[in-house]
There are 2 protein chains.
Amino acid sequence: MTAQTELATVTTGPIPGSCKIYAAVPGRPDIAVPFREVALHPSANEPPFRLYDTSGPYTDPVEPIDLNQGLPKLRAAWLEGRGFGRTSGRLVQPADNGFVPDARLVPPCPAPHAVLNGQDKPFVTQYEFARAGIVTEEMIFAAYRENLGRAQAVEGAAARLKDGESFGASLPEFVTPEFVRAEIAAGRAILPANINHPEVEPMLIGRNFLVKINANIGNSAVTSSAAEEVDKLVWAIRWGADTVMDLSTGRNIHNIRDWILRNSPVPIGTVPIYQALEKVGGDASKLDWEVFKDTLIEQAEQGVDYFTIHAGVRLAHVPLTAKRVTGIVSRGGSIMAQWCLSHHRESFLYEHFEDICDIMRRYDVSFSLGDGLRPGSNADANDEAQFAELETLGQLTRVAWAKGCQVMIEGPGHVPMHKIKANMDKQLAACGEAPFYTLGPLTTDIAPGYDHITSGIGAAMIGWFGTAMLCYVTPKEHLGLPNRADVKTGVITYKLAAHAADLAKGHPAARLRDDAISRARFEFRWEDQFNLGLDPDTARDFHDETLPKEAHKTAHFCSMCGPKFCSMKISQDIREQAQRADGMQKMSAAFNQGGGEIYVTKS
Amino acid sequence: MTAQTELATVTTGPIPGSCKIYAAVPGRPDIAVPFREVALHPSANEPPFRLYDTSGPYTDPVEPIDLNQGLPKLRAAWLEGRGFGRTSGRLVQPADNGFVPDARLVPPCPAPHAVLNGQDKPFVTQYEFARAGIVTEEMIFAAYRENLGRAQAVEGAAARLKDGESFGASLPEFVTPEFVRAEIAAGRAILPANINHPEVEPMLIGRNFLVKINANIGNSAVTSSAAEEVDKLVWAIRWGADTVMDLSTGRNIHNIRDWILRNSPVPIGTVPIYQALEKVGGDASKLDWEVFKDTLIEQAEQGVDYFTIHAGVRLAHVPLTAKRVTGIVSRGGSIMAQWCLSHHRESFLYEHFEDICDIMRRYDVSFSLGDGLRPGSNADANDEAQFAELETLGQLTRVAWAKGCQVMIEGPGHVPMHKIKANMDKQLAACGEAPFYTLGPLTTDIAPGYDHITSGIGAAMIGWFGTAMLCYVTPKEHLGLPNRADVKTGVITYKLAAHAADLAKGHPAARLRDDAISRARFEFRWEDQFNLGLDPDTARDFHDETLPKEAHKTAHFCSMCGPKFCSMKISQDIREQAQRADGMQKMSAAFNQGGGEIYVTKS
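Residues numbered from 1 in each chain as written. Chains lettered and ligands numbered in written order. Predicted model: local features only at pLDDT ≥ 70, side-chain atom pairs only at ≥ 80, totals over all residues. Heavy atoms only, no water.

- Chain A goes by Phosphomethylpyrimidine synthase in an unreviewed UniProt entry, where it is assigned to Acidocella aminolytica 101 = DSM 11237.
- What the UniProt record of chain A gives under Pathway (unreviewed entry) is the line "Cofactor biosynthesis; thiamine diphosphate biosynthesis."
- Checking UniProt for chain A, the heading Function (unreviewed entry) contains the comment "Catalyzes the synthesis of the hydroxymethylpyrimidine phosphate (HMP-P) moiety of thiamine from aminoimidazole ribotide (AIR) in a radical S-adenosyl-L-methionine (SAM)-dependent reaction." (UniProt positions renumbered as here; feature names shortened; annotations may be inferred.)

This is the structure we're talking about:
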């Protein structure tokens, strides 16, 4: 694979109507935070609207993109200052790439990568720094990012917080670095950033911050080119994925992961047991601690930011799934269940959990404690198996914290609406408020082909209730592998669900975007309406299907009512009349007496 | 327009994998209720799965479809028995079709249509029959339909009801005709069925029944062929629309409505003020009671089943919208607001409300009291203008009931999640539990192009809280006119939202379908999984994108994990082991002691 083939496939260039900016943090010129700014029509008399931006350098027209060189190492100097030891790193073995024959081998990414190891340092993880009262550069960066670059609380922030329903979350009017530190120290938030992933743009996952979303990518039997996977990554973050999980299996996964990490500005998560299983030829019973441990170190040195570890699937839990309609639907969960059964032993992940912590702490790899027993159907929701595992995850969370690790907890799955809140409440209680990271949940099982929507409903609700990150579901769920279009649909669906959750929680800045787009809508600033939306391209295309002419982009009507009659137009006339003199107010007063009373027959 | 052009465009034939059946009501061989049955793979050992079916004769391969003849007049004999007077009916005038020149005139539908008028009869509306303790054939038909043809309560119905959260709704384990009568008599449900729409298959709208959905169609400047509109109708009900609103404007609307009504098995709703406005050349100030009254009679004689009447937009309410971000976004609402302002008078709809009731009672046209002041943005949700109008709608509901009319109430709109329940609670209180019929609501404003999803979230929630019918929103909302694909996407999105609501309410039969599809999923019955879903075509296409071979339709794996490793397969192995002897149970018991206690370091 050459740089050319890569460059040929990766999507670059600004998102329509917006431009990339880097805002220096006041007092910290060394910390510049990327945002996206949408320039509005002059008639709006509004400054450019600033948006949170996950897309990295790929949307910056002046930034040279060369996947062979990888992204700028944003954190290098910060990490340098912490004096972590450099190691030559573990040698790549044939098994790491699934024993692929040389002819089929995807070459490793040539981007330079020095392997750091914090073993002997007192503070390695963001959790350890936070506990020690130290505010890291990552915390400052992420705090500024959460505020969308605002210098202080926006007007009406307090009112909006009061107006929302946060279910016990305590969102601040304005996010300070100290607030970020305190949230991480309390275990209520994580800042996933492996010390071997200097390219990452720091971000926060916690219920007192903006709700985040994750997109899954990964090669398969069908596709195994690094170019395609990096393109999927770039495509997913372009539309708003806050983190990306690489669920690759099969051949070349080590080298493909290399290309992904060196070129990813967002935290990357993996499920190490998938690669470990490949190393033992796909036979779960052949798994053991040694091969798993080796895989953890391999991926940690590459720079993976969080690992899904299914240590909560204990031998005792497996029989609890026997009467389920859909049994165990998590791959990792079923791998471990099969291992436990075939050896009739307690899970080696559970027994070696402290060893796992020691490895992950060394590189600041965050835990994503996997819910291997999540329900795979409405019928199995909130059952004994699911909650037994959740209790175990709560125990493991405390162990990981004691070891200095950052932790989040994975959640379901398939859950009808009336059983969603119980999941959030139990997770908060069982896991000491560690961030919850859920897959959906899907609120019904009857819509294959539309599960981005059945799950988007559950995602918006559980995000409102307190889930910190929502793992997207694409239209292909249960049916096949998502293509580019599916990835985009999944990401946009989850961005709107996360935003709906922020609005309902009363996030002080969330509604600014809704209000901006609503003003644009009311004032017929069509381009502004498109560009302020989550997907300007699709909005514009839909509009142009009926009204293609450029003139219609400023027309004071739309295709729904047509030029002859438009409710927005009339509302504007009404407003003018209302503003003209106070006649309307008098009129209102006059009629309000009559307005409230019971219906009177016409005179 | 000829029969040929019609037949050429209307979609007929069974939905893949299912066949149409007509089940005779026990003891009433004269009443046969249509359902759709999905035949399952022999390995399932399950009887065909029966589904509620809105598609009418169009999905019955043996039913001859000739749009010129219209549909069979299912209710003719029942109506005959009620002895309503036949009238020659109002003469069609040039204004009815927007003064279209003869060359452009769409001919009226040649299907025979006798106009009935119940003026002198003591009982005309379903509400009047219900109040008098009389169970109509329509009630029997609809009751049997709500039970999906079940002869009695399904197994576990009571348990499922108990398991759900119905927020004060009282769903029965089994729906009897007497229960239907009582709900209609209490005003908690309506059975929209104009005595001049004998083709309609009776259905119920009420919070103690299955949640229903409405799809909007309607011609515009761009399209004005009856063929296209009838095709949109047939397309919408094919995928599950329970009612359809014809929002046509412009020329030929009278004759196009004729074609729609004679060929519609579902209730048709309209907004008469749209046509009235056309009759006065589009100038709202020229509207008056006479032209509106004439339009009501015109459409009632054609057979429209419910009218949206914006009688709650009172002069006193208009100034309350002046400070809104998006003002008045309802077309009907802004028409009436403009009328009130230009004449500086109380709304003629409000002043003539009793006259309107008298006309609508005569034909049993149900009221859909329009929310002309619904919020058009999150910023305007739950404001003074919206709730002032809702109070007025409550007053008008009682007037309409006193006049013997059936009534439902329209609701928002744009509402963030945390403000949705207040809408439902206020509506129930203000309108005496009359059925609520909402548009979405959209839970955020930032996703133009995806508002079927932003609103599907709100629709599922408010349906759970008690809304009886959900008006769909398509991906083109705010941007353009929906095409066939948009109509289907909107309908499927709302069907899954309505079903998610039924599940959460604990509807005794709702989960049967989820469980059936989950069993099919777990047992790798791919065809059954597709066919039991809301959209078999799309599910099958998505699956075949990655695994096209026929063999894969029975393969014990899917493209997500591939043949080498599949969680479902492992779960089945686990189940077999679990069923083999009681070893697993012992094991479980042994470990459960350890399972609960706090983490112990590995031995």
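Still to come is the rest of the account.
So, the overall build of chain A
Then step 1. When helices and strands are counted, chain A shows 22 helices and 15 strands.
Then step 2. Radius of gyration (C-alpha) of chain A: 26 Å, near the 25 Å computed for a compact globule of 603 residues.
Then step 3. With the principal axes as the frame, chain A shows a C-alpha extent of 90 × 55 × 50 Å.
Then step 4. Taken across its 603 residues, chain A has 69% of its residues classed as buried.
Then step 5. Partitioning the intrachain contacts of chain A with sequence separation of at least 6 by distance along the chain shows that 76% fall at a separation of at least 24. (Helix = DSSP H or I, 4+ residues; strand = E, 2+ residues; numbered from the N terminus. Rg over C-alpha atoms; globule rule 2.2 N^0.38 Å. Buried < 20%, exposed > 50% of the residue type's maximum accessible area, 1.4 Å probe, protein only. Contact = heavy atoms within 4.5 Å.)

Re the packing of helix H8 (residues 253-262) of chain B against helix H10 (residues 289-302) of chain B
All names here are of chain B.
Then step 1. In contact at an axis separation of 10 Å, H8 and H10 are set at 30° when each is read in the N-to-C sense. Taken together, H8 and H10 sit at an angle that is classed as roughly parallel. On the side of H8, the interface is formed by His 254, Arg 257, Asp 258, Leu 261 and Arg 262, while H10 contributes Glu 298, Gln 299 and Gln 302.
Then step 2. Residues that form the contact of H8 with H10 fall into these classes: 1 nonpolar, 3 polar and 4 charged. (Axes fitted to C-alpha atoms, helices over the stretch in contact; angles between N-to-C directions. Parallel < 35°, antiparallel > 145°, perpendicular 65-115°, else oblique. Nonpolar A, V, L, I, M, F, W, Y, C, P; charged D, E, K, R; others polar.)

Describing the pattern of salt bridges
All names here are of chain B.
Then step 1. Scanning the entire structure with this criterion turns up 87 salt bridges over all chains.
Then step 2. Glu 46 serves as the salt-bridge partner of Arg 525, at 3.7 Å between the closest nitrogen and oxygen. Within this pair, whereas Arg 525 is found in the loop between helix H18 (510-522) and helix H19 (526-532), its partner Glu 46 is found in the loop between strand S2 (28-38) and strand S3 (49-52), the two being separated by 479 residues in sequence.
Then step 3. For Glu 46, a relative accessible area of 22% corresponds to the partly exposed category. (Salt bridge = Lys/Arg side-chain N within 4 Å of Asp/Glu carboxyl O.)

What to know about the relation of the copies chain A and chain B
Then step 1. Once chain A is rotated about the relating axis by 180° and shifted along it by 0.0 Å, it coincides with chain B to within an RMSD of 0.0 Å. In the structure described here, the two chain copies are related by an operation that fits a two-fold rotation axis. Among all residues of chain A, the one whose C-alpha sits closest to the rotation axis is A:Ile457, at a distance of 2.4 Å.
Then step 2. Taken together, the interface assignments show that 100% of the residues at the interface of chain A recur at the interface of chain B, consistent with an identical surface on both copies. (Least-squares fit on C-alpha atoms with pLDDT ≥ 70 in both.)

Brief notes about the packing of aromatic side chains
Then step 1. Summed over all chains, the structure comprises 28 aromatic pairs over all chains.
Then step 2. Aromatic rings pair up to connect A:Trp289, A:Phe292, A:Trp339 and A:Phe348 into one cluster.
Then step 3. The aromatic ring of A:Trp239 is capped on one face by A:Lys488, whose charged end is 4.0 Å from the ring centroid.
Then step 4. A cation over an aromatic ring shows up here: B:Arg331 above the ring of B:Tyr274, its NZ or CZ 4.3 Å from the ring centre. (Phe/Tyr/Trp six-rings, centres within 6.5 Å; stacked < 30°, edge-to-face > 60°. Lys NZ or Arg CZ within 6 Å of the ring centre and 35° of its normal.)

Regarding the sheet that holds strand S10 (residues 268-270) of chain B
Residue and element names in this part refer to chain B.
Then step 1. Here we have 8 strands rolled up into a closed barrel, ordered S8-S9-S10-S11-S12-S13-S14-S15, and parallel in their pairing. Put simply, the sheet's adjacent strands are angled 25° from each other on average, direction ignored.
Then step 2. Two strands pair when backbone bridges link them, and strand S11 (residues 306-309) and strand S12 (residues 366-369) are joined in this way by 4 bridges, in the parallel orientation. Bridging across to S12, Tyr 306 finds its partner in Ser 366.
Then step 3. Each of strand S8 (212-217) and strand S15 (469-471) touches helix H17 (residues 484-505); the most contacted strand, S8, lies at about 165° to it. (Pairing = 2+ DSSP bridges.)

Considering the environment of A:Asp294
Residue and element names in this part refer to chain A.
Then step 1. Take Asp 294: it is sitting in helix H10 (residues 289-302).
Then step 2. We classify Asp 294 as partly exposed; its relative accessible area is 22%.
Then step 3. Put simply, Asp 294 and Asp 425 are 131 residues apart on the chain and 36 Å apart in space, counted from C-alpha to C-alpha.
Then step 4. Among residues more than four places away in sequence, those in contact with Asp 294 are Arg 90, Gln 93 and Lys 279.

Some remarks on the UniProt feature "binding site: Zn(2+)" (unreviewed entry) in chain A
Then step 1. Under the UniProt annotation, "binding site: Zn(2+)" (unreviewed entry) lies at A:His414 and A:His478. A maximum C-alpha distance of 12.2 Å among these annotated residues, which run over 65 residues, shows that they cluster at one spot.
Then step 2. Given a relative accessible area of 6%, A:His414 falls into the buried group.
Then step 3. The contact partners of A:His414, leaving out residues within four places of it in the chain, are A:Pro375, A:Gly376, A:Ser377, A:Asn378, A:Ala381, A:Pro441, A:Leu442, A:Asp445, A:His478 and B:Arg521.

Section: the domain arrangement of chain A
Then step 1. Taken domain by domain, chain A consists of domain 1 (71-506) and domain 2 (570-602).
Then step 2. One C-alpha centre belongs to domain 1 of chain A, the other to domain 2 of chain A; they are set 55 Å apart. (Domains from an automatic or database assignment.)

Quick notes on the confidence of the model for chain A
Residues and elements named next belong to chain A.
Then step 1. The predicted model of chain A has a mean per-residue pLDDT of 91, with 91% of residues at 70 or higher.
Then step 2. Contacts of residues 1-8 to residues separated by more than four positions or lying in other chains number 16 contacts, the stretch itself having pLDDT below 50.
Then step 3. Here residues 587-603 is modelled with pLDDT under 50, and outside its nearest four sequence neighbours on either side it reaches 28 contacts, counting other chains as well.
Then step 4. Scoring of the predicted complex yields 0.94 for pTM and 0.94 for ipTM. (pLDDT = per-residue confidence, 0-100.)

What about the nonpolar core?
When a protein is soluble and globular, its nonpolar side chains tend to lie buried together.
Then step 1. One finds A:Leu287, A:Phe367, B:Leu287 and B:Phe367 to be the most contacted residues of the largest nonpolar core, which totals 283 residues.
Then step 2. Setting aside chain neighbours within four positions, we find B:Phe367 in contact with B:Phe307, B:Ile309, B:Phe353, B:Ile356, B:Cys357, B:Met360, B:Ala400, B:Cys405, B:Gln406, B:Val407 and B:Met408. (Core = buried A, V, L, I, M, F, W, Y, C linked by side-chain atoms within 4.5 Å.)

Some details on the sheet that holds strand S1 (residues 18-25) of chain A
Residues and elements named next belong to chain A.
Then step 1. Strand order across the open sheet formed by 3 strands is S1-S2-S3, with antiparallel pairing between neighbours. The sheet is open, and its two borders are formed by S1 and strand S3 (49-52), each paired with just one other strand. Looking at each pair of strands side by side, their axes are set apart by 50° on average, direction ignored.
Then step 2. Relative to S3, strand S2 (residues 28-38) is paired through 4 bridges, and the arrangement is antiparallel. Residue pairing across strands places Glu 37 opposite Arg 50, the latter belonging to S3.
Then step 3. Together, S1, S2 and S3 form the strand contacts of helix H4 (residues 137-146), whose direction differs from that of S2 by roughly 30°.

Remarks on the interface of chain A and chain B
Then step 1. Of the residues lining the interface, 129 residues belong to chain A; the matching set on chain B comes to 131 residues.
Then step 2. Interface area, chain A with chain B, both sides summed: about 11100 Å², of which 66% is carbon and sulfur.
Then step 3. On inspection of chain A and its partner chain B, the count reaches 4 salt bridges.
Then step 4. A:Asp163 is the partner of B:Lys419 in a salt bridge, and the nearest nitrogen-oxygen pair spans 3.2 Å.
Then step 5. Along the contact surface separating chain A from chain B lie 16 residue pairs in polar contact (both at pLDDT 80 or more).
Then step 6. Looking at the side of chain A that touches chain B element by element, the count peaks at 10 residues for helix H17 (residues 484-505) of chain A. (Buried area = accessible area lost by both parts, 1.4 Å probe. Polar contact = N/O pair within 3.5 Å; in protein donor to acceptor, adjacent residues only side chain to side chain.)

Details of unusual backbone geometry
Then step 1. Of note, the bond from A:Gly440 into A:Pro441 is cis; its omega dihedral lies within 30 degrees of zero at 5°.
Then step 2. Among the secondary structure elements, A:Pro441 is positioned in the loop between strand S14 (436-439) and helix H16 (451-465).
Then step 3. Cis geometry marks the peptide bond from B:Pro412 to B:Gly413, where omega comes out at 10°.
Then step 4. Summarising the element assignment, B:Gly413 is placed in the loop between strand S13 (407-411) and helix H15 (420-430).
Then step 5. One non-glycine residue, A:Asn45, lies in the positive phi region at around 50°.
Then step 6. Residue A:Asn45 is classed as exposed on the basis of its relative accessible area, which comes to 72%.
Then step 7. Positive phi outside glycine occurs at B:Phe99, with the angle close to 55°.
Then step 8. The topology assignment puts B:Phe99 in the loop between strand S4 (85-87) and strand S5 (115-117).

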